[in-house]
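Coordinate analysis (summary)
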Amino acid sequence: MLNWTGTLLAGLGETLVLLYLLLASGDLFLQKLVHVMPTLRDKKRAVEISHEIQQNISNYLFSVSLINLGLGMVGSCGLYFMGVPNAAMWGMFVALLNFVPYFGPVAGIVLLAAVGLLTFDTMWQGLLPPGWYLLLHLLEANLITPVLLGRRFTLNPVVIFVSLIFWTWLWGVPGALLSVPILVSIKVVCDRVPAMSSVTELLSR
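Residues numbered from 1 in each chain as written. Predicted model: local features only at pLDDT ≥ 70, side-chain atom pairs only at ≥ 80, totals over all residues. Heavy atoms only, no water.

**What to know about the pattern of salt bridges**
- With the rule as written, the count across this model stands at 1 salt bridge.
- Among the ionic pairs, Asp191 bridges to Lys187, the shortest N-O distance being 3.3 Å. Placement of the pair is Asp191 and Lys187 together in helix H9 (residues 173-192), with a separation of 4 residues, close to one helical turn.
- The buried category is assigned to Lys187, whose relative accessible area is 14%. (Salt bridge = Lys/Arg side-chain N within 4 Å of Asp/Glu carboxyl O. Helix = DSSP H or I, 4+ residues; strand = E, 2+ residues; numbered from the N terminus. Buried < 20%, exposed > 50% of the residue type's maximum accessible area, 1.4 Å probe, protein only.)

Next up, the structure:
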């Protein structure tokens, strides 16, 4: 448990440092990219692709943040009425885990199962918190998120899963959080470059 906690805290620290460096650099990478482009047309295309990537990632993160915030609030209310102590904290914690595709919800269910079984005396009461979160997650994953994001971010679920495994293995916690935004960025580039249309077909659902 101590080793896992240390790894998690180190990953969170790396994420914050990476976020700070990216914000501090501003448009440095875009300026360098424009500088190395050979023609004016390529320079304009690079700027357009960069702005489209920024807009898509901003829309994605904003939408997912709203969805997870709503999930955390509804989950906290359910846990409160079940009698789970510190219901608001656990609800927000599983909402944060929901930012990580696939692995995050599984970790949230395991966490709430442990909380429920340690809190209540009977088995069926102990399984109510993870069951409540599982129900909310199924509604969010199969109804709410497809309606809000399905038309704009039609990514192949298999590609998302492979990307999640790869970036988590490479970067740990930062890789897990950045796996979908990286895929969105790659898809935007492939959509705007005709020579990479085959990659777009592979990434799309």
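**Notes on the confidence of the model for the protein chain**
- Considering every residue of the protein chain, the mean pLDDT works out to 82; 94% of them sit at 70 or more.
- Mean pLDDT values for the elements of the protein chain range from 72 in helix H1 (residues 2-25) up to 90 in helix H5 (residues 103-119). (pLDDT = per-residue confidence, 0-100.)

**Observations regarding empty space enclosed by the protein**
- Scanning the entire structure with this criterion turns up 1 cavity of 30 Å³ or more.
- One number sums up the size of the largest cavity: a volume of about 30 Å³.
- If you go around the largest cavity, the residues you meet are Leu71, Gly75, Leu79, Val94, Leu112, Trp132, Tyr133 and Leu136.
- Within the residue set of the lining of the largest cavity, elements represented by two or more residues are helix H3 (40-82) and helix H7 (128-149). (1 Å grid on protein atoms, 1.4 Å probe; cavity = no way out; pocket = protein on both sides within 12 Å on 5 of 7 lines; lining within 4 Å. Points joined across faces, edges and corners; volume = space filled by probe spheres on them.)

**Quick notes on the nonpolar core**
- Within the largest apolar cluster, 14 residues are counted, with the highest numbers of intra-cluster contacts made by Leu155, Val180, Leu183 and Val184.
- Elements with a contribution of two residues or more to this core: H3, helix H8 (157-171) and H9.
- The biggest single contributor to this core is H3, with 5 residues.
- Ranked by size, the runner-up nonpolar core spans 10 residues in total, among them Leu71, Leu112, Val115 and Leu136. (Core = buried A, V, L, I, M, F, W, Y, C linked by side-chain atoms within 4.5 Å.)

**Brief notes about a nonpolar patch on the surface**
- Among the surface-exposed residues, Leu18, Leu22, Leu28, Phe29, Phe166, Trp169, Leu170 and Trp171 lie close enough to one another that they form a single nonpolar patch of about 830 Å² accessible area.
- Elements supplying a minimum of two residues to the nonpolar patch: H1, helix H2 (28-36) and H8.
- Examining the composition of the nonpolar patch, we find that 4 residues originate from one element, H8, more than from any other.
- Assignment of secondary structure puts Leu170 in helix H8. (Patch = residues over 30% accessible without salt bridge, like charges linked within 9 Å, V, L, I, M, F, W, Y side chains within 5 Å. Areas by Shrake-Rupley, 256 points an atom, 1.4 Å probe, with all protein chains shown as cover.)

**Overview of unusual backbone geometry**
- Phi at Asn86 takes a positive value of approximately 55°, unusual for a residue other than glycine.
- Tracing the backbone shows Asn86 in the loop between H3 and helix H4 (87-97).
- Backbone geometry places Tyr102, a non-glycine residue, at a positive phi of 65°.
- Among the structural elements, Tyr102 can be located in the loop between H4 and H5.
- Given the relative accessible area of 36%, Tyr102 is considered partly exposed.

**Structural notes on the packing of H4 against H5**
- Running from N to C, H4 and H5 cross one another at 155°; their axes reach a closest spacing of 8 Å. Taken together, H4 and H5 sit at an angle that is classed as roughly antiparallel. Across the interface between the two elements, Trp90, Phe93, Val94 and Leu97 from H4 touch Gly104, Pro105, Ala107, Gly108, Leu111, Leu112 and Val115 from H5.
- Among the residues forming the contact of H4 with H5, the class breakdown is 9 nonpolar, 2 polar and no charged. (Axes fitted to C-alpha atoms, helices over the stretch in contact; angles between N-to-C directions. Parallel < 35°, antiparallel > 145°, perpendicular 65-115°, else oblique. Contact = heavy atoms within 4.5 Å. Nonpolar A, V, L, I, M, F, W, Y, C, P; charged D, E, K, R; others polar.)

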